[in-house]
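# Secondary and tertiary structure notes
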Amino acid sequence: EAQVTQNPRYLITVTGKKLTVTCSQNMNHEYMSWYRQDPGLGLRQIYYSMNVEVTDKGDVPEGYKVSRKEKRNFPLILESPSPNQTSLYFCASSWPGGSYTFGSGTRLTVV
Amino acid sequence: QKEVEQDPGPLSVPEGAIVSLNCTYSNSAFQYFMWYRQYSRKGPELLMYTYSSGNKEDGRFTAQVDKSSKYISLFIRDSQPSDSATYLCAMRIGGGSNYKLTFGKGTLLTVNP
């Protein structure tokens, strides 16, 4: 089944403790992206990647890092999480010019 | 002015009603238009994908694009409780190498039995 898999689905952590949210797709898509979704603000792009070793900032990159060492994986790294990063996170992938396939989401709470 | 505007609702309708969901946009370079449906605690899933102006129908769903007015709509006929979800419009400029989608904030729809 074609899908984007995110882990974990739910995560509660403390301020300053580094964490990684994994994202993997099995569709050989070139493009991958991370979004956060907050009430009243909609989906906001954090980082995106056009291909292996090619990443760039989206609209709200502060406090986040990404890497793209393999085509299928695009982890999101929070080196020192803060409470304002409490949010619902989605990974998405696509072909050039195509629609996005989204993962099921990761609900992160930073206390 | 935001690039994409979407009324957040919430919208509550009785089962069987015709639902109209709308987005307006300001960037005339947008050429590809999509509607995503997002159930609670789930990721958005593609519902409709259209190019340029006109109508596209898929079962009970019709997507309409009016590029002259910079206005897109999604109509749901014979709405069902299972249609209760948040509906997000999304759009993209032309060109095969352009990946980025610009999303509306979503409209929360509830269909009451």
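A brief structural summary.

### Considering the pattern of salt bridges
All names here are of chain A. A full pass over the atoms with the stated rule returns eight salt bridges over all chains. Among the ionic pairs, D38 bridges to R36, the shortest N-O distance being 2.9 Å. K65 is the salt-bridge partner of E79, the closest N and O atoms lying 3.3 Å from each other. One end of the pair, E79, is in the loop between β8 (76-78) and β9 (87-94); the other, K65, is in strand β7 (residues 65-66), and 14 residues separate them in sequence.

### Brief notes about unusual backbone geometry
Between N7 of chain A and the following residue, P8 of chain A, the backbone shows a cis peptide bond with an omega angle of -5 degrees. You can see P8 of chain A is positioned in the loop between β1 (4-7) and β2 (10-13). Between G9 of chain B and the following residue, P10 of chain B, the backbone shows a cis peptide bond with an omega angle of 5 degrees. Tracing the chain through its elements places P10 of chain B in the loop between β1 (4-6) and β2 (11-14). Positive phi, normally seen in glycine, also occurs at N28 of chain A, with a value near 60 degrees. Along the polypeptide, N28 of chain A turns up in the loop between β3 (19-25) and β4 (31-38). Overall, the relative accessible area of 45% leaves N28 of chain A in the partly exposed class. Backbone geometry at K70 of chain B places phi at a positive 55 degrees, although glycine is not the residue there. Within the element layout of this structure, K70 of chain B appears in the loop between β7 (61-66) and β8 (71-76).

Cut-offs used in this document
Residues numbered from 1 in each chain as written. Chains lettered and ligands numbered in written order. Predicted model: local features only at pLDDT ≥ 70, side-chain atom pairs only at ≥ 80, totals over all residues. Heavy atoms only, no water. Salt bridge = Lys/Arg side-chain N within 4 Å of Asp/Glu carboxyl O. Helix = DSSP H or I, 4+ residues; strand = E, 2+ residues; numbered from the N terminus. Buried < 20%, exposed > 50% of the residue type's maximum accessible area, 1.4 Å probe, protein only.

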